[in-house]
Amino acid sequence: MSIRTIGIILNGVTGRMGTNQHLVRSILAIMKQGGIKVSDDLTIMPKPILTGRNESKLKALADKYSDAQVGKIAYTTDLDKVLADASYEVFFDSSGTLQRAAFVEKAVKAGKAIYCEKPTAITTDEALRLAKVCEDGGVKNGVVQDKLWLPGLRKLQMLKEQGFFGDILSVRGEFGYWVFEGHVADQQAQRPSWNYRAEDGGGMIIDMLCHWRYVIDNLFGNVKSVSCVGATHIPTRVDEQGKTYKCTSDDSAYSTFELENGILCHFNSSWNVRVRRDDLLTIQVDGTKGTAVAGLRDCWVQHVSATPKPVWNPDIPQPINFYEGWSKVPEATTYDNAFKIQWELFLKHVVVGTPFRWTLREGAKGVQLAEAGLQSWKERKWVDLAKI
Ligand SMILES: NC(=O)c1ccc[n+]([C@@H]2O[C@H](COP(=O)([O-])OP(=O)(O)OC[C@H]3O[C@@H](n4cnc5c(N)ncnc54)[C@H](O)[C@@H]3O)[C@@H](O)[C@H]2O)c1
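All values derive from a computational prediction rather than experimental measurement.

Rules and cut-offs
- Residues numbered from 1 in each chain as written.
- Predicted model: local features only at pLDDT ≥ 70, side-chain atom pairs only at ≥ 80, totals over all residues.
- Axes fitted to C-alpha atoms, helices over the stretch in contact; angles between N-to-C directions.
- Helix = DSSP H or I, 4+ residues; strand = E, 2+ residues; numbered from the N terminus.
- Parallel < 35°, antiparallel > 145°, perpendicular 65-115°, else oblique.
- Left-handed = near helix turned anticlockwise from the far one by under 90°.
- Contact = placed C-beta atoms within 7 Å.
- Nonpolar A, V, L, I, M, F, W, Y, C, P; charged D, E, K, R; others polar.
- Buried ≥ 20, exposed ≤ 12 C-beta atoms within 10 Å, placed from the backbone.
- Near = placed C-beta within 6 Å.

Novice: Break down the packing of helix 1 (residues 16-32) against helix 8 (residues 338-352) for me, with residues and values.
Specialist: One can describe the packing of helix 1 onto helix 8 by two numbers: an axis separation of 9 Å at closest approach and a directional angle of 55°. Accordingly, the angle class assigned to the pair helix 1 and helix 8 is oblique. When the axes of helix 1 and helix 8 are compared, the crossing they make is right-handed. Between helix 1 and helix 8, the contacting residues are Q21, H22, R25, S26, I27, A29 and I30 on the first element and F339, K340, W343 and E344 on the second. A breakdown of the residues in the contact of helix 1 with helix 8 according to their chemical character gives five nonpolar, three polar and three charged.

In structure tokens form, the structure reads like this:
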């Protein structure tokens, strides 16, 4: 058995996504499970180094998670030095969206394989340019498309493959929860303030339509056209320093997508809703033979044969409990963390060349949908998507 160590630069890792999803639940979790077993003869073992601007934050993070199993986690503020070190083959970026391009370009020049958070940019031109930089540089590259590996969405995929739905007619996604404005001391905002400032790359449309693009393209069919209305429902919020700021980006998006195959998808995305549904994201798929409603993990189904026949009569209490008559799809397999699964696929792609189709070019399609959504809102019209 040989162990193939792979050096990974984790940039922007003191942030929310970098720390929780990428460092702790992916890279460290892979190290703690003994690496990625590729075959009886080969195991891939990550060797991370944390990079960023603030030495004390990096040190605190490295100290917090260094232990007997993963050893002492390395960190540095000298990105150029670590980019010049050939033992680090992968550059990962979860810094701010607007910082991404400069980092990716530098890392491509250094010959690193590129993996990064979405969105890769906030305009399609820039996202495509960055994809081309990677392609021309001849480096393997990938973008996080984590929702594809959520257990709930994998169950939808399984039902589709089994022909459960008959013909799929429509899909409705309901996403979001209440993000506190921060005006009172005991209810501080639980998301970074840049999310609500357009000039810093924030906004619900740019954030979430990127996700909806790959979810819809992969599960239901290629998106052909979008109609979208955004809103800034909350005009001011309080930032990390306790200062009130003006919200300059949309915080909610009401979008309808028409697919090439005729399926209609409607997704509401909002930071200004309170949850009375099964999960923070629910996706309902209605087909001629059955309906499924997936949350992040669970999925409920109702076959046509179990469908009740309601009668409109508000003069009497509703006789049907609509939550009855649904079955929960059992756990068919073990579902690992979605980010970790994609990391494992990417590292195998880098080391042994297994296929990996979630490239920066694919990621650019998400940016394209977001940009078209913003255009649709501004011009109050349907916007067709050009082929990428
Ligand atoms: N896949 C997902 O579901 C998902 C969810 C949320 C955010 N994101 C994306 O992840 C990225 C980070 O979002 P977040 O919520 O973690 O934000 P965050 O503000 O918590 O983290 C950003 C990090 O980048 C660092 N940073 C900023 N500028 C830098 C620079 N010049 N050099 C080095 N580091 C720098 C910040 O210090 C911070 O640590 C964004 O692009 C966002 O769109 C993806």
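Continuing now.
Novice: Which residues make up unusual backbone geometry, and what values go with them?
Specialist: Between K118 and P119 the backbone carries a cis peptide bond, its omega angle lying at -15°. With respect to the secondary-structure elements, P119 resides in the loop between strand 6 (113-116) and helix 5 (124-137). At R380, a residue that is not glycine, the phi angle is positive and equals roughly 50°. With respect to the element layout, R380 can be found in the loop between helix 9 (360-379) and strand 18 (383-384). Overall, R380 belongs to the exposed group, with 8 C-beta atoms counted inside 10 Å.

Novice: Tell me about the site of the ligand, and please be specific about residues and values.
Specialist: Around the ligand, the surrounding shell holds 21 residues, and the nearest of these are G12, G15, R16, M17 and E117. Among the residues making up the shell around the ligand, the classes are represented as five nonpolar, 10 polar and six charged.

All quantities given are derived from atomic positions and should not be read as evidence of function.
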